Amino acid sequence: MGKIFIYECKRLLWNKFFFGIMMIILFYGWQVLSGTTISGVAHTAPFSAWSFGDYLSRMLPLLWIGALFFLTFFTSRSARRVSVLTDAANAGAVRYAAARCAAALTGTGLLAVICIAEAAVFYGSYFGWYDWGGLLKPFLITLLPPLVFALGSGWLLGQIRPWLIYVWMTAPLICMALPLPEALGLWNGSFFTEYPIELGALDPAFAVPVSVVSAQCALLAAGIIAMLFRTKKVS
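These numbers come from a predicted model, not from an experiment. (Residues numbered from 1 in each chain as written. Predicted model: local features only at pLDDT ≥ 70, side-chain atom pairs only at ≥ 80, totals over all residues. Heavy atoms only, no water.)

*Asks:* Describe the packing of helix α1 (residues 2-13) against helix α3 (residues 49-75), listing the residues and the values that go with them.
*Replies:* It is the contact of α1 with α3, at a shortest axis distance of 10 Å, that shows an interaxial angle of 120 degrees. Taken together, α1 and α3 sit at an angle that is classed as oblique. Read as a crossing pair, α1 and α3 show a hand that is right-handed. Across from Glu8, Arg11, Leu12 and Leu13 in α1, the residues of α3 making contact are Phe70, Phe73 and Phe74. Classifying every residue of the contact of α1 with α3 by side-chain character gives five nonpolar, no polar and two charged. (Axes fitted to C-alpha atoms, helices over the stretch in contact; angles between N-to-C directions. Helix = DSSP H or I, 4+ residues; strand = E, 2+ residues; numbered from the N terminus. Parallel < 35°, antiparallel > 145°, perpendicular 65-115°, else oblique. Left-handed = near helix turned anticlockwise from the far one by under 90°. Contact = heavy atoms within 4.5 Å. Nonpolar A, V, L, I, M, F, W, Y, C, P; charged D, E, K, R; others polar.)

Structure representation (structure tokens):
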């Protein structure tokens, strides 16, 4: 399985698409950091958990699209023709599915790391600020659940119809344009711009209401279940 994983990672990461999406993320990320994050959001410091979370929520659509693009390598016509051969042996099919899932997670995680590393460079160069411990929570609550859900749901949709993955890429863009309830405020960024003001304090400590945590945990669980279902389905 290790050799399959390495092969799939090379396919996903050593190609024009990966370098293209990486450059787009770096360019757009710097525009957000230097144009919006630098001023802080909701009267908080630029390097507060709230401002960092707002930056991540603005980057989420690109990361979501990148994650789904990775899946197109596995749902294309050529990939589906190869799957006919791997499905002939159940053990081989399971290993291929697990390796591909791990490779997609690795690629998506790398894009997220690039996004976060750019913020680290920005905070360090502009403010000389390096206290990253307090920013772990906004990362875990903002990026981890939706990206895992993107991979799990996208993989299932791609097995139904490959073109559904491209339709699914628009989901976060649509959410950003909708007036979502507070529980889903991470999807359009309203949580980071409105909730700190509701707390009624200047630069309040980062806190997440139960409704938001529940919604994100449900997304994470749904994504994990979808990936496990897709992997076990071939056995």
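From this point on, the discussion continues.
*Asks:* Explain the nonpolar core to me, using residue names and the numbers behind them.
*Replies:* Core analysis: the largest hydrophobic core is formed by 60 residues, its most contacted members being Ile25, Phe52, Tyr55, Leu71 and Phe191. Mapped by element, the contributors of at least two residues to this core are α1, α2 (16-35), α3, α5 (90-127), α7 (144-160), α9 (171-177), α10 (190-198) and α11 (210-233). It is α3 that contributes the most residues to this core, 16 residues altogether. Sequence-distant contacts of tyrosine 55, that is, excluding residues within four places in its chain, are made with Gly29, Val32, Leu33, Thr37, Cys115, Glu118 and Ala119. (Core = buried A, V, L, I, M, F, W, Y, C linked by side-chain atoms within 4.5 Å. Buried < 20%, exposed > 50% of the residue type's maximum accessible area, 1.4 Å probe, protein only.)

*Asks:* Would you mind going over a nonpolar patch on the surface in detail, with residue names and values included?
*Replies:* Residues Leu136, Leu140 and Leu144 make up a contiguous nonpolar surface patch of about 240 Å² in total accessible area. Here leucine 140 is to be found in helix α6 (residues 136-142). Taking relative accessible area as the criterion, leucine 140 reaches 38% and is therefore assigned partly exposed. (Patch = residues over 30% accessible without salt bridge, like charges linked within 9 Å, V, L, I, M, F, W, Y side chains within 5 Å. Areas by Shrake-Rupley, 256 points an atom, 1.4 Å probe, with all protein chains shown as cover. Salt bridge = Lys/Arg side-chain N within 4 Å of Asp/Glu carboxyl O.)

*Asks:* Residues and numbers for the environment of proline 46, please.
*Replies:* Note on placement: proline 46 falls in the loop between α2 and α3. Once the C-alpha coordinates of proline 46 and tyrosine 123 are considered, the two residues, 77 residues apart in sequence, prove to be 8.3 Å apart. Not counting residues up to four positions away in its chain, the partners in contact with proline 46 are Thr37, Ile38, Ser39, Gly40, Ser51, Phe52, Tyr123 and Phe127.

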